[in-house]
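# Structure assessment
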Amino acid sequence: MAEKKIPVGEMPEQPKPAETMEQPEASDKSAPTKLPDKANPVPVTVAAPVPSPRITMPSFTKMPPNDLYRQFLPAVLFLLTFVTVMTILLIYMDTVALGAQQFRLNMSRDYELAKISQESPPLVAYVRQLHLAPRAAHVQPPKPEPTPRVEILDRILGPNERGTFIEFLPKGPRDPTTLFLEAVRGWDGVVVRAAARDYLALRGASRALHACLSPTNHPREVTYQEAESGGGAFSSRLLCLPLYTVLLAAEAARAPLLLLGGDAALPALRHLPFDDGLLHLQVIEVFSTDASSRNKTTQFLTTKNYTVAAAFSDSVMYSLRDVGP
């Protein structure tokens, strides 16, 4: 097929658009259609594109190592600080929880300090120096009247102007007999209470001791339950001391009068070294309303050369047959 050659410098003939090929539907069909002038084209205004906001990410691959480290350093430091603080907080919470659990366990357990004997010099010095202290009265009370027990003591001991007593009771106010001996006769001594409220209420010239009576020959640490008026109970940790330890700490091993009370009275008396030459208690009064306990106490003290001096509704008074040194 012969190929049509286009002369150099001439543009190939462009096909006419569809609009030019169709005849206009004007009323005057004979009028020629005016074509746009190719020499003077109509300028077209093109609006510049509005740049859309884009999130740009730094190109870490094109950054120097030092700049890369500066970018990551704040984040790494924050992460390390957060992890360190949280770790310390968790360790602290675990430590506090373990401490609270151990405290509750210690508060509910009784400890037998069996390795410490009742005549141990460090224990005696500890009680004497740290626990025995006088509690002076805020207002001087009136002088008490003598009780029936005072008359019995006068028959056994004689009207001594001065003497020493040990009042070891679990709870309650001061005994009227020792109050009279202290205020009128000038006696001194030690008043022991296990109940915290009764101990704080003690007032007088005598020394006060907050402790319970140990039924053994060594000290104990126990949880003491104190009944309240509302029906509840107040719990506290308390040191139970042997009777002989208190006598040695108060320098009252040869006290003319000893008052005991509570369920541990008879076991405490059993652990006293009556055969020791240092111990010489002339009068012992045991407070108890239980008939069986009173009988057992009487039987035991009878074997230790004591006799019943008087019996009351709430106590029995025993006197030593041989009152000599």
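Look up a bit, the structure's there.
These lines cover the structure that appears in this document, whether it is placed above or below. Everything numeric in this text was worked out from a predicted model, so none of it was measured. (Residues numbered from 1 in each chain as written. Predicted model: local features only at pLDDT ≥ 70, side-chain atom pairs only at ≥ 80, totals over all residues. Heavy atoms only, no water.)

This next bit is on the overall build of the protein. If you tally the helices and strands in the protein, you get nine helices and twelve strands. Going through the 325 residues of the protein one by one, you find that 33% of them count as buried. Relative to all contacts within the protein whose residues are 6 or more apart in sequence, the contacts with residues 24 or more apart total 68%. In the structure as shown, the protein presents an accessible area of about 22,300 Å², 60% of it carried by carbon and sulfur atoms. (Helix = DSSP H or I, 4+ residues; strand = E, 2+ residues; numbered from the N terminus. Buried < 20%, exposed > 50% of the residue type's maximum accessible area, 1.4 Å probe, protein only. Contact = heavy atoms within 4.5 Å. Areas by Shrake-Rupley, 256 points an atom, 1.4 Å probe, with all protein chains shown as cover.)

With that out of the way, let us pick up the packing of helix H4 (residues 148–157) against helix H5 (residues 176–183). It is the contact of H4 with H5, at a shortest axis distance of 8 Å, that shows an interaxial angle of 60 degrees. Both H4 and H5 take part in a crossing whose hand is right-handed. Of H5, the residues touching H4 (which contributes Arg-149, Val-150 and Leu-153) are Thr-177, Phe-180 and Leu-181. Looking at the contact of H4 with H5 residue by residue, the class counts come to four nonpolar, one polar and one charged. (Axes fitted to C-alpha atoms, helices over the stretch in contact; angles between N-to-C directions. Left-handed = near helix turned anticlockwise from the far one by under 90°. Nonpolar A, V, L, I, M, F, W, Y, C, P; charged D, E, K, R; others polar.)

According to the stated counting rule, one finds two cavities of 30 Å³ or more in the structure shown. When its volume is computed, the second largest cavity comes out at roughly 30 Å³. Residue lining of the second largest cavity: Val-286, Ser-288, Ser-293, Arg-294, Thr-297, Val-316 and Tyr-318, and that is the complete set. Of all the secondary-structure elements, those providing two or more residues to the lining of the second largest cavity are helix H9 (291–303) and strand E12 (315–320). With three residues, the top contributor of residues to the lining of the second largest cavity is H9. Taken together, the residues that form the lining of the second largest cavity break down as three nonpolar, three polar and one charged. (1 Å grid on protein atoms, 1.4 Å probe; cavity = no way out; pocket = protein on both sides within 12 Å on 5 of 7 lines; lining within 4 Å. Points joined across faces, edges and corners; volume = space filled by probe spheres on them.)

What the rule picks out here adds up to one disulfide. With its sulfur 1.7 Å from that of its partner, Cys-212 forms a disulfide with Cys-240. An S-S torsion of about -90 degrees defines the bridge between Cys-212 and Cys-240 as left-handed. Placement of Cys-212 in strand E6 (residues 212–213) and of Cys-240 in strand E8 (residues 233–241) is noted, with a sequence separation of 28 residues between them. Judged on exposure class, the residue Cys-212 and its partner Cys-240 are both buried. (Disulfide = S-S within 2.5 Å.)

Let us look at the pattern of salt bridges. Per the stated rule, a full pass over the model turns up eight salt bridges. Ionic pairing is found between Arg-174 and Glu-167, a salt bridge with its closest N-O pair at 3.5 Å. Across this residue pair, the class does not change: Arg-174 and Glu-167 are buried. Across the pair Glu-221 and Arg-237 runs a salt bridge whose closest N-O atoms are separated by 3.7 Å. In this pair, Glu-221 is assigned in strand E7 (residues 220–227) and Arg-237 in strand E8, connecting sequence segments 16 residues apart. Three or more residues joined by partner-sharing salt bridges are found here, namely Glu-167, Arg-174, Glu-182 and Arg-193. (Salt bridge = Lys/Arg side-chain N within 4 Å of Asp/Glu carboxyl O.)

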